[in-house]
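# Structural characterization, general
Single-letter residue listing:
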Amino acid sequence: MAENKGKYEQEQHEKPLSFMAMVIITGFVGGMLWSGLAFIAWYFNFTEIHPRVILEPWAIGAWKKQWLGTVISIILLGVISIGVAIMYYIALRRFKSIFISMGFGLALLALVLFVLNPIFPGIPPFRKMELNTLITTACFYVLYGTFIGYSISYEEHEMKRIKKANHEPPFSPD
């Protein structure tokens, strides 16, 4: 009996994640990773934009300016990033170009700096932004867009390749 149990455990394979689950995980991890790195950039004065600007319009209290506010901001940006990853999945997943992903990141930067800027008082207006802040922020958004976009596009093309390989007839030397 014990031999059969061991045999069955060895024969079990992990089920792969669904594509949407991978998109959600990629979005969450990407948001947390890049906002965490943005915090480090803020800490070392590469940028004047702190990740906790996301809390400014909605949260009340001094806690949002302490370490708890930073941690909650990074987690919240990860959650918001799930929506961004789903938007990329819907609109651009079939393009396997790093330049499309980079452009997506720059489009997000334009959205934040020009459209959403009045909502967040912690983000200075574009014309008053320091050059270091502008360059650092642009680099982070390009890297974030590349992380999200290329991960999703790569997985999409891999799934198509595997599906195509499974449906092709076997090679015959005839």
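A few points on the structure. Keep in mind that this is a model prediction, so the values were computed, not measured.

### Description of the overall build of the protein
Along its length, the protein carries five helices and zero strands. When the helices and strands of the protein are listed from N to C terminus, the series reads α-α-α-α-α. Burial statistics for the protein: of 174 residues in total, 33% are counted as buried. Contacts in the protein between residues far apart in sequence, at least 24 positions, make up 72% of those at least 6 positions apart.

### A look at the layout of surface pockets
Considered as a void within the structure, the largest pocket measures approximately 710 Å³ in volume. Along its surface, the largest pocket is lined by 25 residues, and Ser35, Ile54, Leu77, Val112 and Tyr141 are the ones closest to its centre.

### Some remarks on the packing of aromatic side chains
Two measures describe an aromatic ring pair: the distance that separates the ring centres and the angle between the ring planes. What the rule picks out here adds up to eight aromatic pairs. Pairing Tyr43 with Phe44 gives two aromatic rings, centres 5.2 Å apart and planes at 85 degrees, and the pair type is edge-to-face. Exposure class is identical for Tyr43 and Phe44. Each is exposed. Taking 6.0 Å as the distance between ring centres and 70 degrees as the angle between the ring planes, the aromatic pair formed by Trp58 and Phe120 counts as edge-to-face. Residue Trp58 is found in the loop between α2 (19-43) and α3 (67-92), and its partner Phe120 is found in the loop between α4 (98-115) and α5 (131-167); the two are separated by 62 residues along the sequence.

### Some remarks on the side chain of Thr146
Along the polypeptide, Thr146 turns up in helix α5. Take Thr146: its relative accessible area is 18%, and that puts it in the buried class. Dropping the residues within four chain positions of it, Thr146 is found in contact with Ile98, Ser101, Met102 and Ser151.

### What to know about the packing of α2 against α3
Taken N-terminus to C-terminus, the directions of α2 and α3 make an angle of 135 degrees; their axes are 7 Å apart at the nearest point. In terms of orientation, α2 and α3 fall into the oblique class. Crossing hand, α2 versus α3: right-handed. For the pair formed by α2 and α3, the contact residues are Phe19, Met20, Val23, Ile24, Gly27, Phe28, Gly30, Gly31, Met32, Ser35, Gly36 and Phe39 on the first element and Thr70, Ile74, Ile75, Leu77, Gly78, Val79, Ser81, Ile82, Ala85, Ile86 and Tyr89 on the second. Here the residues of the contact of α2 with α3 are counted per class, giving 15 nonpolar, eight polar and no charged.

### Some remarks on the pattern of salt bridges
Across all of its chains, the model carries three salt bridges by this definition. Between Arg93 and Glu156 there is a salt bridge, with its nearest N and O atoms 3.3 Å apart. Residue Arg93 is located in the loop between α3 and α4, and its partner Glu156 is located in helix α5; the two are separated by 63 residues in the primary sequence. Owing to a relative accessible area of 25%, Arg93 belongs among the partly exposed residues under this scheme. Between Arg161 and Glu158 there is a salt bridge, with its nearest N and O atoms 2.8 Å apart. With a gap of three residues between them, Arg161 and Glu158 both fall in helix α5, about one helical turn apart. In this structure, a network of salt bridges that share partners links the residues Arg93, Glu156 and Lys160.

Rules and cut-offs
Residues take numbers from 1 onward in each chain, read along the sequence in its written order. Given that this is a predicted model, residues contribute local features only at a pLDDT of at least 70 and side-chain atom pairs are listed and counted only at 80 or more, while totals for whole chains, interfaces and linings are drawn from all residues. Excluded from the side-chain calculation are hydrogens and water; included are all heavy atoms of the structure. The helix count covers DSSP runs of H or I at least four residues long, the strand count covers runs of E at least two residues long, and both are numbered beginning at the N terminus. Think of it in three bands: residues with accessible area under 20% of the maximum for their type are buried, residues over 50% are exposed, and the middle band is partly exposed, with areas taken using a 1.4 Å probe on protein chains only. Here a residue-residue contact requires only that any non-hydrogen atoms of the pair lie within 4.5 Å. Using only the protein atoms, space was sampled on a 1 Å grid; points where a 1.4 Å probe fits but cannot get out form cavities, open sets with protein on both sides within 12 Å along at least five of seven lines form pockets, and lining residues are those with an atom within 4 Å of a point. Grid points are joined across faces, edges and corners, and a volume is the space filled by probe spheres set on the points. Any two rings among Phe, Tyr and Trp, with Trp reduced to its six-membered ring, count as a pair given centres within 6.5 Å; such a pair is stacked if its planes are under 30 degrees apart, edge-to-face if over 60, and tilted if neither. Helix axes are fitted only over the stretch in contact, all axes being lines through C-alpha atoms; the angle between N-to-C directions runs from 0 to 180 degrees. Orientation labels follow simple angle bins: below 35 degrees gives roughly parallel, above 145 gives roughly antiparallel, 65 to 115 gives roughly perpendicular, and whatever is left gives oblique. Note on convention: the crossing is left-handed when the near helix lies turned anticlockwise from the far helix by less than a right angle, right-handed when the turn is clockwise. Each residue gets one label: Ala, Val, Leu, Ile, Met, Phe, Trp, Tyr, Cys and Pro are nonpolar, Asp, Glu, Lys and Arg are charged, and the others, such as Gly, are polar. Salt-bridge detection follows one rule: a side-chain nitrogen of Lys or Arg within 4 Å of a carboxyl oxygen of Asp or Glu.

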